[in-house]
Amino acid sequence: MGLLEGKTAVVTGGSTGIGLATAVRLVAEGAHVFVTGRRKTELDAAVELIGAADATAVVGDIANLDDLDRLYDAVRARGRGLDVLFANAAAASFATLEQVTEDHFDQTFGVNVRGTLFTVQKALPLLNDGASVIINSSVRADDGVEAFGTYAASKAALRSFTRTWANELKGRGVRVNAVSPGPIDTPAIVGLFGEENVAAARADLAAGVPMGRVGRPEEVASVVAFLASGQSSYVLGANVYVDGGENQI
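Note that the structure is predicted; figures quoted are calculated from it, not measured.

A.B. asks: Help me understand the side chain of Ser154 in this model?
C.D. replies: Within the secondary structure, Ser154 sits in helix H5 (residues 149–169). One polar contact links the side chain of Ser154 to the main-chain carbonyl oxygen of Tyr151, over a distance of 2.6 Å.

Written out as structure tokens, the structure is:
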């Protein structure tokens, strides 16, 4: 039996990258996973990869509260509550202080902070006793990378929320923790730097990591699976870095 045999999980932003790798891992551990994403084509491909019998696709944007309601209606209809929530969906783009616009700020905080808050809030009635909530923060919450200030601030807000929510939900036996990935080789790198700059971007990112490489989505998924399972039963309010030592040494 896997670590999550018979459990029900939700992974937001599960079409690609860390979200997809985590959905695959949670299914491998025995869970049925509800996967959300904004693009139906990518989401359908993800479910095919995961296995249609073990995953349910719900198209939606976490910044849209009606979409969140549809997601949790689908979970509720399954009738088994919710044991694992990986709040992973996020938006990221570069802008220096001088370049920040209302749209840039509103999109970043609208998805990363507002969207994550309501993702967790709307899950509350469904969370089974002993459930695990994992928030995807970032090492960028701890440093001052130029032109990434809005994103970094949004992820710092999630780290703060993790502490508060862990305190508020501990009475139900619900554990809330965060993961903070370093540079991970996902399609987001292409989105941030452009296809023509990907190789150089990977090299630059790897140069800042003591292990000398960018991480793999599966390496983050392994930590999420640990936090989702009973093996992390004494871990509460923590922030686990998956960063090759970037912010540690």
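So, next bit.
A.B. asks: How do you make sense of the packing of aromatic side chains when you look at a structure like this?
C.D. replies: Describing an aromatic ring pair means giving the distance of the ring centres and the angle of the ring planes. Tallying each qualifying case throughout the model produces five aromatic pairs. Consider the rings of Phe161 and Trp165, whose centres lie 4.7 Å apart with planes at 10 degrees: the pair is stacked. Here the residue Phe161 and the residue Trp165 both occupy positions in helix H5, the gap between them amounting to four residues, near one helical turn. By relative accessible area, which is 10% here, Trp165 ends up buried. Grouped by ring-pair contacts, the aromatic residues Phe94, Phe148, Tyr151 and Phe193 constitute a single cluster.

A.B. asks: How do you make sense of the pattern of salt bridges when you look at a structure like this?
C.D. replies: A pair can form between side chains of opposite charge whenever their charged atoms are brought close. Inspection of the entire model under this criterion finds 12 salt bridges. The closest approach of N and O atoms between Arg70 and Asp67, which form a salt bridge, is 3.3 Å. A residue pair is termed a helical-turn pair when its members lie 3 or 4 positions apart in one helix, as Arg70 and Asp67 do in helix H3 (residues 65–78) at three residues. The class for Arg70 is partly exposed, based on a relative accessible area of 42%.

A.B. asks: Which parts of the structure should I look at to understand the sheet that holds strand E2 (residues 32–37)?
C.D. replies: The strands making up a sheet associate through backbone hydrogen bonding, with each pair oriented either parallel or antiparallel. An order of E3-E2-E1-E4-E5-E6-E7 is seen for the seven strands of this open sheet, with the pairing classed as parallel. What marks the edges here is a single partner per strand, and that holds for strand E3 (55–59) and strand E7 (239–242). Each adjacent strand pair in this sheet contributes to an overall mean axis angle of 20 degrees, direction not counted. Pairing of E2 with E3 involves five bridges; the strand directions are parallel. In the sheet register, Val33 faces E3, and the bridge partner there is Ala55. Packing against the sheet, helix H1 (residues 17–28) makes contact with strand E1 (8–11), E2, strand E4 (82–87), strand E5 (127–136) and strand E6 (175–181), and its axis sits at approximately 170 degrees to E1. Here H5 sits on the sheet in contact with E5, E6 and E7, set at roughly 160 degrees to E6.

A.B. asks: Where do I start with the UniProt feature "domain: Ketoreductase" (unreviewed entry) in the chain in this structure?
C.D. replies: Under the feature "domain: Ketoreductase" (unreviewed entry), the UniProt entry names residues 7–182. With 45% helix and 22% strand, the stretch residues 7–182 has end C-alpha atoms that lie 28 Å from each other.

A.B. asks: What's the story with helix H8 (residues 217–228) in this structure? I'm lost.
C.D. replies: Along an α-helix, a turn takes 3.6 residues, which lines up residues three or four apart on a common side. Given a rise of 1.5 Å per residue, 12 residues ought to cover 16 Å, and the 16 Å separating the end C-alpha atoms of H8 matches this to within 8%. Those residues of H8 that are buried are in contact with H1, E4, E5, E6 and E7.

A.B. asks: Please clarify how the packing of helix H4 (residues 102–123) against H5 should be interpreted in this entry.
C.D. replies: Any two packed helices are characterised by how steeply their axes cross, that is the angle between the axes, and by the distance between the axes. One way to put it is that H4 packs onto H5 with a least axis distance of 9 Å and a crossing angle of 15 degrees. Between H4 and H5, the angle is such that the two are roughly parallel. Regarding H4 and H5, the two cross each other, and that crossing is right-handed. Contacts from His104, Phe105, Thr108, Phe109, Asn112, Val113, Thr116, Leu117 and Val120 of H4 reach H5 at Thr150, Tyr151, Ala153, Ser154, Ala157, Leu158, Phe161 and Trp165. The residue makeup of the contact of H4 with H5, split by class, is 11 nonpolar, six polar and no charged.

A.B. asks: Hey, could you run me through empty space enclosed by the protein in this one?
C.D. replies: A probe as big as a water molecule, rolled over the atoms, marks out the empty space that is left. Per the stated rule, a full pass over the model turns up one cavity of 30 Å³ or more. Considered as a void within the structure, the largest cavity measures approximately 50 Å³ in volume. As for the largest cavity, its lining consists of Thr36, Val58, Val59, Gly60, Asp61, Ile62, Asp67, Leu68 and Leu71. Breaking the lining of the largest cavity down by element, the ones donating at least two residues are E3 and H3. The element contributing the most residues to the lining of the largest cavity is H3, with three residues. Here the residues of the lining of the largest cavity are counted per class, giving five nonpolar, two polar and two charged.

So, how was this worked out
- Residues numbered from 1 in each chain as written.
- Predicted model: local features only at pLDDT ≥ 70, side-chain atom pairs only at ≥ 80, totals over all residues.
- Heavy atoms only, no water.
- Helix = DSSP H or I, 4+ residues; strand = E, 2+ residues; numbered from the N terminus.
- Polar contact = N/O pair within 3.5 Å; in protein donor to acceptor, adjacent residues only side chain to side chain.
- Phe/Tyr/Trp six-rings, centres within 6.5 Å; stacked < 30°, edge-to-face > 60°.
- Buried < 20%, exposed > 50% of the residue type's maximum accessible area, 1.4 Å probe, protein only.
- Salt bridge = Lys/Arg side-chain N within 4 Å of Asp/Glu carboxyl O.
- Pairing = 2+ DSSP bridges.
- Axes fitted to C-alpha atoms, helices over the stretch in contact; angles between N-to-C directions.
- Contact = heavy atoms within 4.5 Å.
- UniProt positions renumbered as here; feature names shortened; annotations may be inferred.
- Expected span 1.5 Å × (residues − 1).
- Parallel < 35°, antiparallel > 145°, perpendicular 65-115°, else oblique.
- Left-handed = near helix turned anticlockwise from the far one by under 90°.
- Nonpolar A, V, L, I, M, F, W, Y, C, P; charged D, E, K, R; others polar.
- 1 Å grid on protein atoms, 1.4 Å probe; cavity = no way out; pocket = protein on both sides within 12 Å on 5 of 7 lines; lining within 4 Å.
- Points joined across faces, edges and corners; volume = space filled by probe spheres on them.

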